[in-house]
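# A structural walkthrough
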Amino acid sequence: MSKANGDIRIGVYVCHCGTNISAVVDVKSLAAYGATLPNVVVSREYKYLCSDPGQDLIRQDIAERKLNRVVVASCSPHLHEQTFRNALATGGLNPFFLQMVNIREQDSWVTEDKQAATRKARDLVRAAARRVAWNESLERDRIPIHPAVMVVGGGIAGIHAALTLANSGKHVYLVEREPTIGGHMAQFDKTFPTLDCAACILTPKMSAVKSHKNITLWTYSEVTQVDGYVGNFKVKVRRWPRYIKEDLCSGCLECLKACVYKEAKFPDDFNVGLAKRKPIYISFPQAVPQVPVIDPETCIQFKSGKCKKTCIDACGERHAISLQMEEKTEEVEVGNIILATGSQPFDARRIPYYGYGVYPNVYTALEVERLVNASGPTGGEVVLRDGRTPKSVAIVHCVGSRDEGTNRWCSRVCCMYSLKLAHLIKEHTGADIFNFYIDIRTPGKGFEEFYQKLLNERVHFVRGRVAEVTDWALDPSEENKLVIRVEDTLAGIVRRIPVDMVVLSTGLEPQADAEQVRRLFNITCASGGFFLERHPKLAPVSTFTDGIFLAGCCQGPKDIPDTVAQAGAAAAEALALIDAGFVETEPNAAYVMEEVCSGCKTCVAMCPFSAIEFLQEERKARINQAKCKGCGTCVAACPSGSIYQHLFEDQQIFEEIEGILTNA
Amino acid sequence: MKPKVAFYWCASCGGCEEAVVDLDEKILDVANAVDIVFWPVALDFKEHDVEAMPDGSILASFINGAIRNSDQLKMAKLLRAKSQVVVAFGVCAQLGGIPGLANLSDAKGIFAEVFKDGVAPVRLHQNNGHSLSLPEFFDTVVELGRVIDVDYYLPGCPPTPKIIGAALGALLGSDLPPKGTVLAPDQALCEECPRKDTRPEKLLLKEFKRVHQVVADQQTCLLAQGLACLGPGTRAGCEAMCPRGNMPCTGCFGPTSRVRDFGAKALSALASVIDSDDEVEIARVLDALPDPAGLFYRYSLPSSLLGRRRME
Amino acid sequence: MPESFEPKIVAFFCNWCTYLAADLAGTSRIKYAPNTRVVRVMCSGRVDPQFVLDAFAKGADGVLIGGCHPGDCHYQEGNYKALRRFVLLKRLVKQMGIEEERLRLEWISAAEGERVKTVVNDMVEKVRALGPRVPARRKEVA
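Owing to the predicted nature of the structure, the values given are computational and were not obtained by experimental measurement.

### Concerning the overall build of chain A
A tally of helices and strands in chain A yields 17 helices and 34 strands. Its C-alpha atoms put chain A at 90 × 70 × 40 Å along the principal axes. Counting all 664 residues of chain A, 58% fall into the buried class. Within chain A, contacts between residues at least 6 apart in sequence are counted, and of these 70% link residues at least 24 apart.

Spelled out as structure tokens, the structure:
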């Protein structure tokens, strides 16, 4: 129970934050006002309270003026509550005797009228001074961290994070829902700006994952349930049946050759529908694990029970094929989770006037990646669907990006990959290439130089957003061609440019199930649907849920160098927690005053974390302090006022309300 | 010299007077132990008798009823001056009680409703050189503690014989609790209720029912049956008399000391257990409770945080 | 009512969604009416109806509760409890003569900085039109 214990001595500190606060809020008068409040023994203003000298100021006053409460009026507690709590702690005062007042993000930065902003700050400081008198000394609990980590998503982000962690000696569960790891990068041919072969740099990492003793690789699997909290997650993973036993399969792929389907007939997702596969298939030859999958939706045996099962014969003595395999659920304990679930390409059909799905010679960038790839469906030949080699190609930038009608953001990688495709297509076909752009965005290392190279290769660049792709010919030169209608904004004219092939540089967007995934892990999405990071600058790989980190495009569009960097960062954050061994809790758990609890059980139904136990013998409710997350719902529901909450006591909140509304 | 006690009634129903009589034989012990110097319902002492007493000469005045007119205000102040201890007797004195529901209206509104097309009362009446006056009728009913210093509170509508007996005993003995204490346990009613074990641990309700809509089972927790039992938010002490009578608790013992507004907390407890997350469905379930103010503030409106409906 | 009436709105914002959205409005330098005074709570489920009534009783002209969108509560269901209480509380305060627009529950996610501005500005204007919660002349017995 909290009480305004003894002699309260408050120090009030008003931060200028350079001019961020002081340009709008009259910090001097605010500090002067602070001095007039009850129990305030010192009230100061300072340019940068979060700096070392700023914190020293507070520490000095704690020692010399015997402060036992501190109010800091500055930025959002989300930024510096920890900083100032540490300042109190190192100054010899329990860190929870701090109360912060947000006069920057929620006052000086959002208010035009200076007087109104100052008045608002005064009300809030007064409220904080009243509230802080009721703060109590609290200690943080320590939660141990289980050393294993789960990485969800086996693209380059997940692979890099997993390897980093595994190399440091930690055990990693890498869960990937496709039958193979590799993600989108495995579909690329060459990567910008160096034109490295994607497979050449990716496959060694993929096999390192496979052979690493510290990595448990579960492909064709997905997470179905997450319980627990940082340091102690319990995760359920559903493993779909491949119908081929991983530990027995040698990867010879004889079963594929032997399948009764002599011709492949079903859409091949890896080749983005440009090729076909059999019911028994492997995504690509270097897949990891090198084990095929049988698709029960298309396999004759599963559909009718009447197949000759030539695949099983071909497998012979290894007996790796098992058509009775069932799905399995694994349950593991991990201390941290890294989400590397990637992104999906924008569906070009959503912009019908670009003709994708209407005109056969309109392609998406990913389809063209597969065309130029030597191991792709055309063996690296850039050919149209009717077999002709294009003599002119249009590459349309910003399809589904920077677009009010679809996605407003810039997808970051498309300018570079559009330049890359321009180069590769020219190399493969010698065709005339036109890139239609709004801006050419080349911020990375070597990127601008790559663009210059393209200019030297005589690729045509037209600055204008393509209005339409049409097959309506207005003159003989446009017959049997696709015509790009575009305003050339540098030349100041509307142009019609006939081409054989149109490539749509589709943007990146969140995976289709991003919303379900984020609920599974209890994190939030930002506007746009990508997973939300804790802070865009200072915590780009953390989330607001402790122990859950982000890597790669699931957090926002980015290229491979940034993805790998972020994956390493996420691994480092997880390692920091694991090596520290524990994480400290925010001491805001609710607790029952058992002497006065009447056993009405209203609270028990309130807790989604099952933190409230009803003790049958004593007829009282008891809250498990480790399980309690501190939401306070039970506190508000308790009809006899017998549940309290540290850091958010009723008394403290009433003081804050009354401080806001009543002049001191 | 026997200690002197006084009883007075303000805006009340008379039930608290009967509660004293309900002490049965024990009333004789009381009568033997004390000198009742003022009790309008039973004895013939007058106001001027009280005025004549020295200040502080009455050991304890037991005042029931709320303050809603100038006469009650005057008498409350008078008795306060003449008494060492004032006990707010019953929930009307403690929290405003049922008369407090008048705060959903005001003097004008009440008179218009009560007297409608009839003859409205006149404050001053003169006839043949005599004059008769009625007290001023306030717009707002307040609890006793709002107009005078109250030493102890006896909750209940009315307080039970057990509670009254205990209070009298404490006052006449030397074991006085701290000033301001409510003389009943500081826990909710569920503690005393014989049905408490039948409330499921995780109770969530899909419907509320009113008492006339269902014949309640005699053994099962009334809230679990969908009746709006306010027991979880009401102070214990009455030994769950109403649930024993197969009726849900209506909250006459007021809140525990840890609650500032009885109605708000009771509302929170009942709303929180509605088994729906959909706004439309929640509203439909709550349609079964057509008068939230009457239900949750039946006894405590004047003492609530808002105190009364906004005056026009 | 006096020309210069500036409504005072006490706002209970949940730490994970609405409070962050208000911070985002700040970092985006979105300007909005300066009439709110925010009390930070961990979850909208922490908002006890007593807080709301105390705010009105002590002079607030309006009370705004901000929580996560349904399904998004950082603590799974706290916002649903808040919703249940709010529906009943609204009916109660209506009987107490407090107009509809003075008590508001809004779902604002951490990404919706712009929405903080829209909601606050809208509420301030509606409450301004209603006038102060406690009229200048209050009749109560002494």
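### Things to note about the packing of helix α2 (residues 49-57) of chain C against helix α3 (residues 78-95) of chain C
Residue and element names in this part refer to chain C. The contact between α2 and α3 brings their axes to 11 Å, and the two run at 35°. Crossing of α2 against α3: the hand is right-handed. From α2, Pro-49, Val-52 and Leu-53 reach across to α3, where they touch Arg-85, Leu-89 and Val-93. In terms of residue class, the contact of α2 with α3 is built from five nonpolar, no polar and one charged.

### A short note on empty space enclosed by the protein
Throughout the structure, instances matching the rule amount to 12 cavities of 30 Å³ or more. Each pocket or cavity is described by its volume, and for the largest cavity that value is around 370 Å³. Considering the residues around the largest cavity, the lining is formed by 25 residues, among which Pro-77, Gln-99, Met-100 and Glu-656 of chain A together with Arg-40 of chain C are closest to the centre. Elements with a contribution of two residues or more to the lining of the largest cavity: α3 (77-90), β4 (98-102) and α5 (114-132) of chain A together with β2 (36-41) of chain C. Tallied by class, the residues present in the lining of the largest cavity amount to 14 nonpolar, four polar and seven charged.

### Section: the interface of chain C and chain A
If you look at the interface, chain C gives 49 residues, while chain A gives 51 residues. With both chains or domains summed, chain C and chain A bury close to 4,400 Å², and 59% of this area falls on carbon and sulfur atoms. Our count for the contact surface shared by chain C and chain A stands at seven salt bridges. One can count 18 residue pairs in polar contact (both at pLDDT 80 or more) joining chain C with chain A. Elements supplying a minimum of two residues to the side of chain C that touches chain A: β1 (9-14), α1 (18-27), β2, α2 and α3 of chain C. Per-element accounting of the side of chain C that touches chain A gives the leading share, seven residues, to α1 of chain C. Here the side of chain C that touches chain A is composed, by residue class, of 24 nonpolar, 11 polar and 14 charged.

### Brief notes about a negative patch on the surface
There is a patch of like negative charges on the surface, built from Glu-18, Asp-22, Asp-24, Glu-25 and Asp-29 of chain B. Within the secondary structure, Asp-24 of chain B sits in the loop between α1 (15-21) and α2 (26-33).

### Details of the domain arrangement of chain B
All names here are of chain B. The domain architecture assigned to chain B consists of domain 1 (4-100 + 140-172), domain 2 (106-133) and domain 3 (189-296). Computed from C-alpha coordinates alone, the two centres of domain 1 and domain 3 are separated by 31 Å. With nine residues of domain 1 at the interface, the matching set in domain 3 holds nine residues. Of all residues in domain 1, Pro-155, Thr-160 and Lys-162 bury the most surface against domain 3, accounting for 47% of the area lost on that side.

### Re the environment of Leu-79 of chain A
Within the element layout of this structure, Leu-79 of chain A appears in helix α3. Other than its neighbours up to four places away in sequence, Leu-79 of chain A contacts Arg-104, Glu-105 and His-535 of chain A.

### Considerations on the interface of chain B and chain A
Chain B puts 24 residues into the contact, and the matching count from chain A is 26 residues. With both chains or domains summed, chain B and chain A bury close to 2,200 Å², and 49% of this area falls on carbon and sulfur atoms. Its largest share of buried area at the contact with chain A, chain B owes to Glu-201, Arg-258 and Arg-260 of chain B, together 31% of the area lost on that side. The interface formed by chain B and chain A contains two salt bridges. The closest approach of N and O atoms between Arg-260 of chain B and Glu-658 of chain A, which form a salt bridge, is 3.0 Å. The tally of links from chain B across to chain A stands at 17 residue pairs in polar contact (both at pLDDT 80 or more). Residue composition of the side of chain B that touches chain A, grouped by class: nine nonpolar, five polar and 10 charged.

### Observations concerning the pattern of salt bridges
All names here are of chain A. If you walk through the whole model with that rule in mind, you get 81 salt bridges over all chains. Between Arg-239 and Glu-246 there is a salt bridge, with the nearest N and O atoms lying 3.4 Å from each other. Taking relative accessible area as the criterion, Arg-239 reaches 15% and is therefore assigned buried. Among the salt bridges present, the one from Arg-412 reaches Asp-562, with a minimum N-O distance of 2.9 Å.

### Points about helix α11 (residues 365-372) of chain A
Within α11 of chain A, eight of the eight residues are buried, leaving the element largely enclosed by the surrounding structure. Lining the buried residues of α11 of chain A we find β8 (190-191), β19 (343-345), β20 (362-364), α12 (414-429) and β27 (501-506) of chain A.

### As for the domain arrangement of chain A
All names here are of chain A. Taken domain by domain, chain A holds domain 1 (10-140), domain 2 (142-240 + 327-342 + 511-584), domain 3 (254-318), domain 4 (347-509) and domain 5 (590-645). Summarising the inter-unit geometry, the C-alpha centres of domain 2 and domain 4 are found 33 Å apart. Facing 18 residues of domain 2, the contacting portion of domain 4 comprises 23 residues. Approximately 1,700 Å² of surface area, both sides summed, lies buried where domain 2 meets domain 4, with 69% of it carried by carbon and sulfur atoms. The interface formed by domain 2 and domain 4 contains one salt bridge. On the surface where domain 2 and domain 4 come into contact, there are five residue pairs in polar contact (both at pLDDT 80 or more).

### Some points on the sheet that holds strand β12 (residues 232-239) of chain A
Residue and element names in this part refer to chain A. Within the open sheet, the three strands sit side by side as β11-β12-β17. Their pairing is antiparallel. Taken across any chain shown, the strands that pair with only one partner, and hence form the sheet edges, are β11 (221-229) and β17 (328-334). Strand after strand, the sheet turns through a mean of 20° between neighbouring axes, direction not considered.

### A closer look at the state of the cysteines
Per the counting criterion, the structure on display carries one disulfide over all chains. With its sulfur 2.5 Å from that of its partner, Cys-17 of chain C forms a disulfide with Cys-68 of chain C. As the torsion about the S-S bond is roughly 105°, the Cys-17 of chain C-Cys-68 of chain C disulfide counts as right-handed. Of the two residues, Cys-17 of chain C is situated in the loop between β1 and α1 and Cys-68 of chain C in the loop between β3 (62-67) and α3; the sequence distance between them amounts to 51 residues. Cys-68 of chain C shares its class with Cys-17 of chain C; the two are buried. Note on Cys-628 of chain A: no disulfide assigned, nearest cysteine sulfur contributed by Cys-634 of chain A at a separation of 6.2 Å.

### Quick notes on the sheet that holds strand β4 (residues 103-107) of chain C
Residue and element names in this part refer to chain C. Taking strand neighbours across the sheet as the criterion, the four strands line up as β2-β1-β3-β4 in an open arrangement whose pairing is parallel. The sheet is open, and its two edges are formed by β2 and β4, each paired on a single side. Sheet twist, expressed as the mean angle between neighbouring strand axes with direction ignored, is 20°. Judged from the five bridges that link them, β3 and β4 form a sheet pairing that is parallel. If you follow Ile-65 over to β4, its bridge partner there is Leu-105. On the sheet, α3 packs against β3 and β4 and is oriented at approximately 160° with respect to β4.

### Overview of helix α10 (residues 279-286) of chain B
Among the residues making up α10 of chain B, those that are buried are Ile-282, Val-285 and Leu-286 of chain B. With its buried residues spanning 95° around the axis, α10 of chain B presents them on a single face. Packing partners of the buried residues in α10 of chain B comprise α3 of chain C.

### Side note on unusual backbone geometry
All names here are of chain A. Omega for the bond connecting Phe-192 with Pro-193 falls within 30 degrees of zero, at -10°, which places this linkage in the cis form. Here Pro-193 lies in the loop between β8 and β9 (196-197). Of note, the amide linkage connecting Val-288 to Pro-289 takes the cis form, showing an omega dihedral of 0°. Secondary-structure assignment places Pro-289 in the loop between β15 (280-281) and β16 (293-294). Notably, Lys-309 is not glycine yet its phi reads approximately 55°, a positive angle. Relative to the assigned elements, Lys-309 resides in the loop between α9 (300-304) and α10 (310-315). Taking the relative accessible area as the measure of exposure, Lys-309 reaches 30% and is therefore partly exposed.

### Quick look at the nonpolar core
Counting residues in hydrophobic clusters, the biggest one holds 131 residues, and the most contacted among them are Cys-634 and Ile-643 of chain A, Phe-62 of chain B together with Phe-12 and Val-63 of chain C. Not counting residues within four places of it along the chain, the set of residues in contact with Val-63 of chain C comprises Ile-9, Val-10, Phe-12, Val-52, Ala-55, Phe-56, Arg-102, Leu-103, Arg-104 and Met-123 of chain C.

Here is what the cut-offs are and how they apply
- Residues numbered from 1 in each chain as written.
- Chains lettered and ligands numbered in written order.
- Predicted model: local features only at pLDDT ≥ 70, side-chain atom pairs only at ≥ 80, totals over all residues.
- Heavy atoms only, no water.
- Helix = DSSP H or I, 4+ residues; strand = E, 2+ residues; numbered from the N terminus.
- Buried < 20%, exposed > 50% of the residue type's maximum accessible area, 1.4 Å probe, protein only.
- Contact = heavy atoms within 4.5 Å.
- Axes fitted to C-alpha atoms, helices over the stretch in contact; angles between N-to-C directions.
- Left-handed = near helix turned anticlockwise from the far one by under 90°.
- Nonpolar A, V, L, I, M, F, W, Y, C, P; charged D, E, K, R; others polar.
- 1 Å grid on protein atoms, 1.4 Å probe; cavity = no way out; pocket = protein on both sides within 12 Å on 5 of 7 lines; lining within 4 Å.
- Points joined across faces, edges and corners; volume = space filled by probe spheres on them.
- Buried area = accessible area lost by both parts, 1.4 Å probe.
- Salt bridge = Lys/Arg side-chain N within 4 Å of Asp/Glu carboxyl O.
- Polar contact = N/O pair within 3.5 Å; in protein donor to acceptor, adjacent residues only side chain to side chain.
- Patch = residues over 30% accessible without salt bridge, like charges linked within 9 Å, V, L, I, M, F, W, Y side chains within 5 Å.
- Areas by Shrake-Rupley, 256 points an atom, 1.4 Å probe, with all protein chains shown as cover.
- Lys, Arg positive; Asp, Glu negative; His and termini not counted.
- Charge placed at Lys NZ, Arg CZ, Asp CG, Glu CD.
- Domains from an automatic or database assignment.
- Pairing = 2+ DSSP bridges.
- Disulfide = S-S within 2.5 Å.
- Arc of directions from axis to C-beta.
- Core = buried A, V, L, I, M, F, W, Y, C linked by side-chain atoms within 4.5 Å.

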